[in-house]
Amino acid sequence: MPSELTVTDPPAPPAVNPDTPPPARPHRRLLIALAAAWLVPAVAYPLHLAWLLPPLVLLATASLLRGGRTLLDRLMLAVLLLVGATTIAGLLFSVWPWGLHPVAVTGAALTALTLIAAATGRRPTLPRPGWTDLLPIVATVATVGYLTLPWLRASTLAGRLSLLALGEDNFRHVALVDAIGRHGGYVFLDPAGSRDDIVSLLVRYPQGWHFTTALLDAHLRSATGTPSGVSSLTHYGWWCFATLGLLVLTLFWAAQRLSGPQHPLHRVVLTIVIGALVLGSQLPRLLIAGYPSEVLGLALAVGLTALVVRPLAGNREQLVMLGALLTGIGFTYYLYLPPAGLLVLGWLIAHRRELTQVRRTLLGVGLLTALLAPLPLLLGILGAGQTEALDAKAGPELAEAWHALLGLTPIVLIGLVIQARRADRAWRRHLAAVLVAVGFALAIALANIVAGVQPAYYFMKGTHLALVGLIVGTAALVRLLPVPSGGERGVRAAAIPALAAALAVLTVVTLCGLTGWRGSVLVVDKQSWTQLWVRHSVDKPSRVAQVCAAAYRRHPVQPGTVTVVLDRGGYRGYVESICLSALQGTTAQTEGAIYLPMFEEPERTRKILRGARGPIRLLISDPSAQRRVDKLLTRYPELRPRVTTVPMIIKY
């Protein structure tokens, strides 16, 4: 009897007489399909229906895949494949003359799918939906929908800016998505041409998430670019929620895939446990602090781990998926590329004999992945010196990283070790994957210690990778719960399993702080990150949000003039200026006056006045800032001709 991993290629097609002319009908169908690939987007775009094109490409891709048993399996594989493929196709879209235009992008995608279907002989087909598909989707909607409540309550610009200002990185991500939309592709491919669109420190930042978002947003708007301003900011917020939703759905899907066939009671318990761990851990902080690239990187890493742990039946499809996911991780959040590459290498070694049957696919996918996956990493290291960030300091959230790592790891490892004794080798593989993720985080900590600093920012990022692996690994603990037995005694026999399941759910929900009886054991403060976010008041926006919103409404861009906001403190004015420049699309022009190495006043204001070239407009939002400027202009009277001060006092 063949093992679970035995793969057999389809039988060779019957020999064809070379003298027999090929049938005309298949060629005719191919020509019709190729024409439809361009006709459909060409009709949808002027009708403002381009937002339907990405779902169409998703369904078409899913219908040509053959991995997975359920409809959710097929759709998840298609989503993960398309994300990775989009980061690769972005290299082409960035240099061809049509940029991110929905007709060109969708036409090219459907053409490629049509040719693949013709070459492989596959006909579009999808599995029938089942209730097991619905459970993770409903749980994802409930989890992420709960987190959208403050965003829905914030009906004003200042209210939404107040939420985004909780993490200043949000404004840089808004600006980068906007720049890619206006530039029509990756800005790192044209540093000189994009210099007027984006601040220099983001030119070589990993742009996989930003490119994918700009591309989808272009379809959503039925336009070729992403306009700046309030609309851009609002769309950015929703794309952040969508990215978090992808991560949460991937966690539910990966846990079910790891567990394999299971009792409905186990499915329900596993879904609740994962949802509780998501809401009670540091994962919501990724939304608050503005880390969408990391969120997408984690989703791709979870998907890759799921395929290494329980591979697809076809090696060709498995290789394509792993190559696309590795490249997607490299373009999105390359910190996770080493552990992901190690997992793929382990799978390749374990299946080296089977892979001899698909040498051409292995060579082609392997070469393309080896060339493209490390490209953003090399650009960041060689062109931007991004290795210096490994020593970046972390805040009090660092203690939470240790909480999650030291608290969850022993418990989940016990469950995985117990399950690893079973015949299903997926448990042993996931155990190895968790050890790789935990070891990667500890390796970063060791590197920090050797460098003479405490484990800091990127150690915390490494623990996030370990955290999602541990969350999926809780499937091993849920499988230890008893299940109801059948027969006439089924009702009585169901009492003990139901009680055990209820007790397990109550324990996890309580420890994650969702009952309100106590705080989550995975965070330091009594209030979890979910509670901090959902309870955040948007009725009275923060001062930063009010100042930024007022400046955007009252003072539009003046071409050739650098606009900077000055407030009582240097850091506050810095965040307000970043916010305003993101809304106005002037991050490149204001770079020299915003990104300064000090926040102490009046030295920061002096640097702004002395360092800025050309006319500069100072929006004064606090009387103390006006006094600072008056003293400096008295001290340096030669600056007066090019400095304009605009009182904009905001009482808070």
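Residues numbered from 1 in each chain as written. Predicted model: local features only at pLDDT ≥ 70, side-chain atom pairs only at ≥ 80, totals over all residues. Heavy atoms only, no water.

**Things to note about the overall build of the chain**
Per the secondary structure count, the chain includes 30 helices and three strands. Computed over the C-alpha atoms, the radius of gyration of the chain is 27 Å, within 12% of the 26 Å expected from 2.2 N^0.38 for a compact globule of 652 residues. Its C-alpha atoms give the chain principal-axis dimensions of about 90 × 70 × 50 Å. The burial tally for the chain puts 54% of its 652 residues in the buried class. (Helix = DSSP H or I, 4+ residues; strand = E, 2+ residues; numbered from the N terminus. Rg over C-alpha atoms; globule rule 2.2 N^0.38 Å. Buried < 20%, exposed > 50% of the residue type's maximum accessible area, 1.4 Å probe, protein only.)

**Here's the deal with empty space enclosed by the protein**
Taken as a whole, this structure holds seven cavities of 30 Å³ or more when the rule is applied. A volume near 220 Å³ is recorded for the largest cavity. A301, T305, L343, A433 and G469 are, among the 22 residues lining the largest cavity, the residues nearest its centre. Within the residue set of the lining of the largest cavity, elements represented by two or more residues are helix 10 (230–259), helix 13 (292–309), helix 15 (337–350), helix 20 (426–450) and helix 21 (457–473). (1 Å grid on protein atoms, 1.4 Å probe; cavity = no way out; pocket = protein on both sides within 12 Å on 5 of 7 lines; lining within 4 Å. Points joined across faces, edges and corners; volume = space filled by probe spheres on them.)

**Here we look at the nonpolar core**
The biggest cluster of nonpolar side chains holds 171 residues, and the ones touching the most others in it are L161, I198, L251, W253, L283 and L304. Examining the composition of this core, we find that 16 residues originate from one element, helix 10, more than from any other. In contact with L161, not counting residues within four places along its chain, are F171, L233, A545, C548, A549, C579 and L583. Formed by 19 residues, the second largest nonpolar core is a distinct cluster that contains L566, M598, V629 and L632. (Core = buried A, V, L, I, M, F, W, Y, C linked by side-chain atoms within 4.5 Å. Contact = heavy atoms within 4.5 Å.)

**A few points about the pairing of strand 1 (residues 562–566)**
Counting buried residues in strand 1 gives five out of five residues, a clear majority hidden from the surface. Side chains V562, V564 and L566 project from strand 1 onto one buried face, and the interleaved T563 and V565 project onto a second face that is buried too. One ladder, built from five bridges, connects strand 1 with strand 2 (residues 616–620); its direction is parallel. Residue pairing for strand 2: L566 is matched across the bridge by I620. (Pairing = 2+ DSSP bridges.)

**Digging into the confidence of the model for the chain**
Averaged over all residues, the pLDDT of the chain equals 90, while 92% of them reach at least 70. Ranking the elements of the chain by mean pLDDT puts helix 23 (residues 490–493) last, at 63, and helix 13 first, at 98. The low-confidence segment residues 1–13 (pLDDT under 50) makes 17 contacts with residues lying over four places distant or belonging to another chain. (pLDDT = per-residue confidence, 0-100.)

**What about the pattern of salt bridges?**
Applying the stated criterion to the full structure yields 15 salt bridges. The residue D178 makes a salt bridge to R182 at a minimum N-O spacing of 2.8 Å. On the criterion of helical spacing, the pair formed by D178 and R182 is a turn pair, its members being four residues apart in helix 8 (residues 169–183). Among the ionic pairs, R310 bridges to D424, the shortest N-O distance being 2.7 Å. In this pair, R310 sits in the loop between helix 13 and helix 14 (315–332) while D424 sits in the loop between helix 19 (397–420) and helix 20, placing the two residues 114 residues apart along the sequence. Given the relative accessible area of 17%, R310 is considered buried. (Salt bridge = Lys/Arg side-chain N within 4 Å of Asp/Glu carboxyl O.)

**Regarding the sheet that holds strand 2**
Taking strand neighbours across the sheet as the criterion, the three strands line up as 1-2-3 in an open arrangement whose pairing is parallel. Every interior strand has two partners, whereas the edge strands, strand 1 and strand 3 (643–647), have only one. Neighbour to neighbour, the strand axes of the sheet diverge by 25° on average, direction disregarded. Contacts between helix 27 (residues 570–584) and the sheet are confined to strand 1 and strand 2, with strand 1 contributing the most and set at about 140° to the helix. (Axes fitted to C-alpha atoms, helices over the stretch in contact; angles between N-to-C directions.)

**Observations regarding the environment of V174**
In this structure, V174 sits in helix 8. Taking the C-alpha atoms as reference, V174 lies 16 Å from S194; in sequence the two are 20 residues apart. Setting aside residues no more than four positions away along its own chain, V174 makes contact with S232 and Y236.

**Let's talk about the pairing of strand 2**
The two faces of a sheet get side chains in turn, since along a regular strand they alternate between them. Counting buried positions along strand 2 yields five of five residues, so the element is predominantly enclosed. Across five bridges, strand 2 lies against strand 3 in parallel orientation. Within strand 3, the position partnered with R617 by the bridge is T644. Each parallel crossover has a hand, and for strand 2 linked through helix 30 (residues 623–635) to strand 3 it is right-handed. (Right-handed = clockwise from strand over helix to strand, strands pointing away.)

**Overview of the packing of aromatic side chains**
The tally for this structure, following the rule as stated, stands at 19 aromatic pairs. Taking the centre distance of 6.5 Å and the plane angle of 20° together, the rings of F93 and F211 count as stacked. Taken together, the residues F93 in helix 3 (residues 71–93) and F211 in helix 9 (residues 208–221) connect sequence positions 118 residues apart. Classification of F211 by relative accessible area gives buried; the value is 0%. (Phe/Tyr/Trp six-rings, centres within 6.5 Å; stacked < 30°, edge-to-face > 60°.)

**Focus: the side chain of D567**
Residue position: D567 is located in the loop between strand 1 and helix 27. At 3.0 Å, the side chain of D567 forms a polar contact with the side chain of R543. With residues up to four places along the chain from it excluded, the contact list for D567 reads R543, V547, R572, G573, E576, S621, D622, A625 and R628. (Polar contact = N/O pair within 3.5 Å; in protein donor to acceptor, adjacent residues only side chain to side chain.)

**Here we look at helix 20**
When the terminal C-alpha atoms of helix 20 are compared, their 36 Å separation across 25 residues agrees well with the 36 Å that a helix rising 1.5 Å per residue should span. Two residues or fewer after helix 20 comes G452, characterised by a positive phi angle close to 90°. (Expected span 1.5 Å × (residues − 1).)

**Overview of unusual backbone geometry**
What you tend to see is this: most non-glycine residues have negative phi, and most peptide bonds are trans. With an omega dihedral of 10°, the bond running from E601 to P602 counts as a cis peptide bond. Note on placement: P602 falls in the loop between helix 28 (591–594) and helix 29 (603–611).

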